Amino acid sequence: YLDDVRTPIVDGWTVVRNYEEFVSTIMFHGLENIETISLDHDLGDSAMTEYYTNVRNNYELNYNNILEKTGYDCAKWLVEYCTENGLPMPIYLIHSANPVGADNIRAILKRYTELHSFS
């Protein structure tokens, strides 16, 4: 459960707060031992500023304005990791309030899932 501020209301999640914790948790447990991943997009102050400045008002997202890695960066890393290791994508949820960021995460994960079928 990737989120910099929220905590899930249901037990059973491992909570990670940033990109580094996301990567290290997957590497420690092994992706094959993770059933479901839930991703937030905005993981810090500059991401939230971008949300309130551009996304909410203009429905535009400029990653150049975000200093910290986002949930989209985590999704990109996950796709690369799955590709390099020939792994299926785990079940994924996106709980971000940022609609543009959520769409970006969804698009990259969905594309990987559609292009790679595992029996």
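Placed above this text is the structure.
This section reports on the structure supplied with the text. (Residues numbered from 1 in each chain as written. Predicted model: local features only at pLDDT ≥ 70, side-chain atom pairs only at ≥ 80, totals over all residues. Heavy atoms only, no water.)

Helix α4 (residues 99–115) packs onto helix α3 (residues 71–85) with a crossing angle of 10° between their chain directions and a minimal axis gap of 9 Å. Of the possible angle classes, the one that applies to α3 and α4 is roughly parallel. Residue-level contacts link G71, Y72, A75, K76, L78, V79, C82 and T83 of α3 to N104, I105, I108, L109 and Y112 of α4. Looking at the contact of α3 with α4 residue by residue, the classes come out as nine nonpolar, three polar and one charged. (Axes fitted to C-alpha atoms, helices over the stretch in contact; angles between N-to-C directions. Helix = DSSP H or I, 4+ residues; strand = E, 2+ residues; numbered from the N terminus. Parallel < 35°, antiparallel > 145°, perpendicular 65-115°, else oblique. Contact = heavy atoms within 4.5 Å. Nonpolar A, V, L, I, M, F, W, Y, C, P; charged D, E, K, R; others polar.)

In this section: the packing of aromatic side chains. On inspection of all chains with the given rule, the structure shows five aromatic pairs. With 6.2 Å between their ring centres and 80° between their planes, F22 and W77 make a pair best called edge-to-face. Placement of F22 in helix α1 (residues 19–29) and of W77 in helix α3 is noted, with a sequence separation of 55 residues between them. By relative accessible area, W77 is classed as buried at 16%. Here a set of aromatic residues connected by ring pairs shows up, and it is made of F22, W77 and Y81. Above the face of the Y19 ring, K69 is positioned so that its terminal group lies 4.7 Å from the ring centre. (Phe/Tyr/Trp six-rings, centres within 6.5 Å; stacked < 30°, edge-to-face > 60°. Buried < 20%, exposed > 50% of the residue type's maximum accessible area, 1.4 Å probe, protein only. Lys NZ or Arg CZ within 6 Å of the ring centre and 35° of its normal.)

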